[in-house]
Amino acid sequence: MVNRMTSQQSQSSTPAPLHMVDLIRKKRDGGALDQREIEYIVKLASSELAPLEQLAAWLMAAWLRGLSVDEARSLALAMRDSGVRFSPARLGKQAVDKHSTGGVGDKTSFLIAPLAAACGVAVPMISGRALGHTGGTLDKLEAIPGYRTDLELDEFEAVLMKCGCSIIGQTDELAPADRVLYALRDRTATVENPGLICGSILSKKLAAGLDSLVLDVKTGSGAFLRTYADTEFLAALLTATAESAGTRTVALLTDMGQPLGCAAGNWIELIECMKLFRGERPAEIEDLRELSLRLAGWMIHLGGQAETAEAGYARAEKALADGTALRIFLEMVAAHGGKTAVFDDPEAHHKPGATRVVEAWQSGYIVEMDTTALGWAVQRTGAGREHAGEKVDPHAGIVFHARRGAHVEKGQPFATLYATNATKLDEPETFLKQGVVFSDTPPQAVPLVSRIFDRSGAEAYLRECDRR
Ligand code: URA
């Protein structure tokens, strides 16, 4: 009896060693990994000699078989713990951030960070690079000459103290496992999976020590997850997982059935933001203004600076109108080493290698924009990368002159392509033409924000999914 107990104890205190090949096989065959197994994979991903071929195989198995809610949570927490955690306690304010699941022309971060900072919350924003067909906040910021996205954590804190917001990329210290897995997913067609997206996004957000988080979960033809049900599941998973890790979270499901605003690229997106910062209100970028204010309104509310998200919206609108947000944005750029003079005349700083105006190739209402195809068109101008580590062209991209629902006449300017050189104009034009559908009748309007999840809504949704 005594001997048997001793042997059981020794068995439970020395768990069997893990091997990556077994974990790939287990996932490949549809098994669920426990927390220790997921932690093992993440540890390998952040080790100096990460076995990239095995990690890629595991990612593909996870993509094909899916991750359970528990697996996704273990992945997010293990990835968060792969590096150090930033502590915003010394900022003396609630730390609140926003993260989007990725889109085309999605430039809200540049507006939102200073808007929320202007209203009294600290915004320690850790962003990513272009992924798949979507653009990356860091690539866009690096279109500002001198802007450093690679601040050390003490520099990050100093900028936050000074300006109230700072936008950086992952460092070797913060969620390093995501850096490896993010780049691998981009190269192995394993981006579009709710559990993997959840781990990736939340690893960075939880490592930033946020009090609250607002998620912009994209729906429609430009979203990573193409069905509305999958996107709802992702929003609920992100919200419930972040809440269970102690971060108050809401997720807004927002339309990515066409590019946000008109510009998609790098510098040209900043030109568009400057119009809003300077008080212009062009009808064709009203969606960008509205979504930025809605998201900022939620951040201001969750950060305790407004009773409701609507009151937060009103505060953000005032900070946009009175120039406070622009002042904070320029201060942040300067604090990151960026040259603010380029914003005096942003159009003058736009120096693309080649330009082509594409005319509408037929008449009719624009009823559909396959925004994934349009995103690839933008990438092929040189604005995104085809191979890991490639430099992106800050001046490449596309400005769309017509939006979903508009009636166009054949021959009128439809889009302007800006590319690194003339050889990079043909492929984007082909993608563009493949991505747009015309009709004699106008399409139905699509709401900009179609659903909002908070903690209880997310948990109820996931329980319902479990029952089905
Ligand atoms: N944004 C991220 O940071 N990770 C993803 O996987 C998708 C969007």
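Think of each chain on its own: its residues are numbered from 1, step by step along the sequence as written. Only residues with pLDDT of at least 70 are given local features in this predicted model, and only at 80 or more are side-chain atom pairs given and counted; all residues enter the totals for whole chains, interfaces and linings. Only hydrogens and water are set aside; all other atoms, that is, all heavy atoms of the structure, feed into the side-chain values.

Draft legend 1. Quick peek at the layout of surface pockets. Put plainly, a pocket is an open set of points on a 1 Å grid over the protein atoms alone with protein on both sides within 12 Å along at least five of seven lines, a cavity is a set where a 1.4 Å probe fits but cannot get out, and a lining residue has an atom within 4 Å of a point. Grid points are joined across faces, edges and corners, and a volume is the space filled by probe spheres set on the points. Taken as a whole, the largest pocket holds about 830 Å³ of empty space. Lining the largest pocket are 37 residues; nearest its centre among them are Arg129, Ala130, Tyr182, Ala183 and Asp186. Helix and strand definitions follow DSSP, with helices as H or I runs of at least four residues and strands as E runs of at least two, each counted in order from the N terminus. Those elements giving two or more residues to the lining of the largest pocket turn out to be α9 (176-187) and α16 (371-383). When residues in the lining of the largest pocket are grouped by element, the largest group, six residues, is from α9. The classification used treats Ala, Val, Leu, Ile, Met, Phe, Trp, Tyr, Cys and Pro as nonpolar, Asp, Glu, Lys and Arg as charged, and all other residues, Gly among them, as polar. Looking at the lining of the largest pocket residue by residue, the classes come out as 12 nonpolar, 12 polar and 13 charged. Reported domain spans reflect what an automatic or database domain assignment gives. Residue contributions to the lining of the largest pocket reach at least three from each of two domains, namely domain 2 (89-345 + 449-467) and domain 3 (351-439).

Draft legend 2. Representation of the packing of helix α4 (residues 52-65) against α9. At a closest axis distance of 10 Å, the pairing of α4 and α9 adopts a crossing angle of 70°. Taken together, the axis directions place α4 and α9 in an arrangement best described as roughly perpendicular. Remark: the crossing between α4 and α9 carries right-handed chirality. Along the contact surface, α4 presents Leu52, Leu55, Ala56 and Leu59, while α9 presents Val180, Leu181, Leu184 and Arg185. Its residues assigned to classes, the contact of α4 with α9 comprises seven nonpolar, no polar and one charged. In this analysis, axes come from line fits to C-alpha atoms, helices being fitted only over the stretch in contact, and the angle between any two N-to-C directions falls in the range 0 to 180 degrees. Each angle receives one of four descriptions, namely roughly parallel if under 35 degrees, roughly antiparallel if over 145, roughly perpendicular if within 65 to 115, and oblique otherwise. Crossings are assigned a handedness: left-handed for a near helix turned anticlockwise from the far helix by less than a right angle, right-handed for a clockwise turn. Only heavy atoms enter the contact rule, under which two residues are in contact if any of them lie within 4.5 Å.

Draft legend 3. Main features of empty space enclosed by the protein. This model, assessed by the stated rule, comprises four cavities of 30 Å³ or more. Estimated volume of the largest cavity: approximately 340 Å³. Lining the largest cavity are 28 residues; nearest its centre among them are His99, Ser100, Thr101, Gly102 and Tyr182. If you list the elements that add at least two residues to the lining of the largest cavity, you get β1 (96-100), β2 (123-127), α7 (137-141), α9 and α10 (194-207). Sorting elements by how many residues they give to the lining of the largest cavity places α10 first, with five residues.

Draft legend 4. Quick look at the site of the ligand. Whether a residue is near a molecule or strand is decided by its heavy atoms; if any one of them lies within 4 Å of it, the residue is near. Close contacts around the ligand come from His99, Thr101, Leu131, Tyr182, Arg185, Ile197, Ser200, Ile201 and Lys204, and that covers them all. Any pair of N or O atoms that falls within 3.5 Å is considered a polar contact. Within protein, one atom must be able to donate a hydrogen and the other to accept it, and sequence-neighbouring residues count only if both atoms are side-chain atoms. His99 is positioned such that a nitrogen or oxygen atom in its side chain is 3.3 Å from an oxygen atom of the ligand. Contact distances for the ligand include 2.7 Å between a nitrogen atom and a side-chain N or O atom of Ser200. Summarising the interface, the protein chains cover 96% of the accessible area of the ligand, which totals 240 Å² for the free molecule. Assessed atom by atom at 2 Å from the grid points, the ligand resides in the largest cavity. Among the elements that line the shell around the ligand, the one with the most residues is α10, at four residues. Grouping the constituent residues of the shell around the ligand by class yields four nonpolar, three polar and two charged. Using a 1.4 Å probe, accessible areas were evaluated by the Shrake-Rupley method; residue-level cover was limited to the displayed protein chains. Each molecule is assigned to a cavity or pocket provided more than half of its atoms lie within 2 Å of the corresponding grid points.

Draft legend 5. Highlighting the state of the cysteines. Disulfide: a pair of cysteine sulfur atoms within 2.5 Å of each other. Within the structure shown, the criterion is met by zero disulfides. Cys165 takes part in no disulfide bond, and the closest cysteine sulfur to it belongs to Cys163, at a distance of 6.2 Å. You can call Cys165 buried: its relative accessible area is 0%. Among the cysteines around Cys198, which has no disulfide bond, Cys465 carries the closest sulfur, lying 14 Å off. Buried means the residue's accessible area, taken with a 1.4 Å probe over protein chains only, is under 20% of the maximum for its type, while exposed means over 50%, and partly exposed covers the values in between.

Draft legend 6. Representation of helix α11 (residues 228-244) in the model. Taking 1.5 Å as the rise per residue, α11 with 17 residues should run 24 Å; its terminal C-alpha atoms sit 24 Å apart, in good agreement. Taken across its 17 residues, α11 has 12 buried, putting it largely inside the fold. Of the residues making up α11, those classed as buried are Thr231, Glu232, Leu234, Ala235, Ala236, Leu237, Leu238, Thr239, Ala240, Thr241, Ala242 and Glu243. Looking at the packing, one finds that the buried side of α11 touches α5 (69-80), α10, β4 (212-219), β5 (248-255), β13 (449-453) and α18 (455-467). Of the residues one or two after α11, Gly246 is the one with positive phi, at around 95°. What a helix is expected to span follows from its residue count: subtract one and scale by 1.5 Å.

Draft legend 7. Representation of the sheet that holds strand β9 (residues 397-400) in the model. Should DSSP find at least two bridges between two strands, the strands are regarded as paired. Read from one edge to the other, the open sheet built from four strands follows the order β6-β9-β11-β7, with strand pairing classed as antiparallel. Looking at strand neighbours, the two that pair on one side only are β6 (263-265) and β7 (354-359), the edges of this open sheet. Ignoring which end each strand starts from, the neighbouring axes of this sheet average 15° apart. The pairing of β9 with strand β11 (residues 413-419) spans four bridges and is antiparallel. Bridging across to β11, Phe400 finds its partner in Ala415.

Draft legend 8. Spotlight on the environment of His350. Within the element layout of this structure, His350 appears in the loop between α15 (324-335) and β7. Exposure remark for His350: the relative accessible area of 13% places this residue in the buried category. Each C-alpha atom of the pair His350 and Ile271 lies 8.7 Å from the other, and the pair is 79 residues apart in sequence. The residues contacting His350, other than those within four sequence positions of it, are Trp267, Ile268, Ile271, His395 and Tyr418.

Draft legend 9. The pairing of β11, seen in detail. Within β11, six of the seven residues are buried, leaving the element largely enclosed by the surrounding structure. As judged from the six bridges shared by β7 and β11, these two strands associate in the antiparallel manner. Its bridge partner lying in β11, Glu359 is registered against Pro413.

Draft legend 10. Spotlight on the packing of aromatic side chains. Any two of the Phe, Tyr and Trp rings considered here, Trp counted by its six-membered ring, make a pair once their centres fall within 6.5 Å; the pair's planes then place it as stacked at under 30 degrees, edge-to-face at over 60, or tilted in between. Applying the stated criterion across every chain, the model contains eight aromatic pairs. Here Phe329 and Phe343 contribute two aromatic rings whose centre-to-centre distance is 5.5 Å and whose plane-to-plane angle is 80°, an arrangement assigned as edge-to-face. Remark: Phe343 occurs in the loop between α15 and β7 and Phe329 occurs in helix α15; sequence separation between them is 14 residues. Across the pair, Phe343 and Phe329 agree in class, each one buried.

Draft legend 11. The arrangement of the domain arrangement of the protein chain in detail. As far as domains go, the protein chain holds domain 1 (15-66), domain 2 (89-345 + 449-467) and domain 3 (351-439). A C-alpha centroid distance of 24 Å is found between domain 2 and domain 3. Counting residues at the interface gives 27 residues for domain 2, matched by 23 residues for domain 3. Summed over both partners, the interface of domain 2 with domain 3 comes to about 2000 Å²; 53% of that surface belongs to carbon and sulfur atoms. By the criterion of area lost to domain 3, the three top residues of domain 2 are His133, Gln258 and Cys262, representing 26% of everything that side buries. Salt bridge criterion: a side-chain nitrogen from Lys or Arg within 4 Å of a carboxyl oxygen from Asp or Glu. The interface formed by domain 2 and domain 3 holds four salt bridges in total. Using a 1.4 Å probe, buried area is obtained as the accessible area two parts lose upon being combined, added over both of them.

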